Amino acid sequence: MKQTDTSIRLILLTLLFAMTLTAQSVKADDATSILKAASERIKKAPSVTATLTITTDGRPVTGHLTLSGNRFALTTPHGSTWFDGKTLWSHSVSTREVNISEPEVAELAEINPLVMIDTSLSGYKTRLVKSSPDKVIEMIPANPRGADITKAVVTISGTTGWPVSIILTVNNRPVKVDFEKVTTGKQLTSKEFTFNPAMFPNATINDLR
């Protein structure tokens, strides 16, 4: 998978894991119900926004994510990505290229949070490591063979119920994500999740569909 797609997946997985654990009472035997509640929370919210800082190999990258149903828009200093539920546009600042694709179901299972929620219902073992003052939850895949993400440690604020941080172990490499803000918002128009050529008039368009 390309670096841009990997970054998208990490951000969305982070948001997913955090939102599954924002219930006020978190217990290991409640994991399935919490995941189901998270799925409903995402589906019912008109939109969700998150400001994140992802640190990999000591290099932090900030990102702003807007999510609505199965659509999302992601902006980082390295580029921007839009997904309208069918078409994915990925813009790279360094190459000044925009790749256009239509992800297959298998790809969406990696980058679409709703697909990942359904997968995670039976795909992870959850353990409450610490319950006060903040909740710290460890998530391990039930079948670690071939899994890119072999461990996730999520910290949820005991005061606000919103995520504070998450550490993912991805291909034996730790990736830390710090949440500055996660909020729900109003209904957004479709243009928020589609590429606008006027914003990047000098970009090279690569239509991979």
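Residues numbered from 1 in each chain as written. Predicted model: local features only at pLDDT ≥ 70, side-chain atom pairs only at ≥ 80, totals over all residues. Heavy atoms only, no water.

So, the confidence of the model for the protein
Detailed reading of the predicted coordinates is not advisable wherever pLDDT falls low. Averaged over every residue, the pLDDT of the protein is 75; the share at 70 or more is 69%. Throughout residues 1-5 the model reports pLDDT below 50, and contacts reaching past four residues in sequence, or to other chains, amount to nine contacts. Here residues 21-29 is modelled with pLDDT under 50, and outside its nearest four sequence neighbours on either side it reaches 19 contacts, counting other chains as well. (pLDDT = per-residue confidence, 0-100. Contact = heavy atoms within 4.5 Å.)

As for the environment of Ala45
Position of Ala45 relative to the elements: it lies in the loop between helix H2 (31-44) and strand E1 (47-56). Ala45 sits in the buried class, given a relative accessible area of 12%. (Helix = DSSP H or I, 4+ residues; strand = E, 2+ residues; numbered from the N terminus. Buried < 20%, exposed > 50% of the residue type's maximum accessible area, 1.4 Å probe, protein only.)

Observations concerning the nonpolar core
Phe72, Ile166, Leu168, Val177 and Phe179 are the most contacted members of the largest nonpolar core, which has 25 residues in total. Counting only elements with at least two residues in this core, the list comes to E1, strand E2 (59-68), strand E3 (71-76), strand E8 (135-141), strand E9 (149-156), strand E10 (163-170) and strand E11 (173-185). (Core = buried A, V, L, I, M, F, W, Y, C linked by side-chain atoms within 4.5 Å.)

So, the pattern of salt bridges
The final tally for this structure, using the stated rule, is five salt bridges. Among the salt bridges present, the one from Glu138 reaches Lys151, with a minimum N-O distance of 3.5 Å. Linking Glu138 in strand E8 with Lys151 in strand E9, this pair joins segments that are 13 residues apart in sequence. Glu138 gets classed as buried once you look at its relative accessible area, which sits at 15%. Relative accessible area serves as the criterion here: at 31%, Lys151 is assigned to the partly exposed category. Across the pair Arg209 and Asp207 runs a salt bridge whose closest N-O atoms are separated by 2.7 Å. Judged by its relative accessible area of 55%, Arg209 falls in the exposed class. The exposure class assigned to Asp207 is partly exposed, which follows from its relative accessible area of 45%. When salt bridges with common partners are traced through the structure, they connect Asp57, Arg59 and Arg173 into a single cluster. (Salt bridge = Lys/Arg side-chain N within 4 Å of Asp/Glu carboxyl O.)

Description of the packing of aromatic side chains
Tallied over the full model, the rule gives four aromatic pairs. Consider the rings of Phe195 and Phe200, whose centres lie 6.0 Å apart with planes at 15°: the pair is stacked. Given a relative accessible area of 11%, Phe195 falls into the buried group. Connected via pairs of aromatic rings, a cluster forms that spans Trp82, Phe195 and Phe200. (Phe/Tyr/Trp six-rings, centres within 6.5 Å; stacked < 30°, edge-to-face > 60°.)

Some thoughts on unusual backbone geometry
Note: most residues except glycine have negative phi, and most peptide bonds are trans. Even without a glycine there, the phi angle at Asp57 is positive, about 55°. When you line up the elements, Asp57 lands in the loop between E1 and E2. For Arg96, which is not a glycine, the phi torsion comes out positive at approximately 55°. Tracing the chain through its elements places Arg96 in the loop between strand E5 (88-92) and strand E6 (97-101). The exposed category is assigned to Arg96, whose relative accessible area is 59%.

Topic: the sheet that holds E1
As summarised here, the arrangement of the twelve strands in space is E7-E8-E9-E10-E11-E1-E2-E3-E4-E5-E6-E12, forming an open sheet in which the pairing is mixed. Both edges of this open sheet fall to strand E7 (124-130) and strand E12 (204-207), since each of them pairs with a single strand only. Averaged over all pairs of adjacent strands, the angle between their axes in this sheet comes to 15°, without regard to strand direction. Bridge count for E9 against E10 is seven bridges, and the pairing is antiparallel. (Pairing = 2+ DSSP bridges. Axes fitted to C-alpha atoms, helices over the stretch in contact; angles between N-to-C directions.)

Some words on the pairing of E9
Bridge count for E8 against E9 is five bridges, and the pairing is antiparallel. By the bridge assignment for E9, Lys135 is matched with Ile156.

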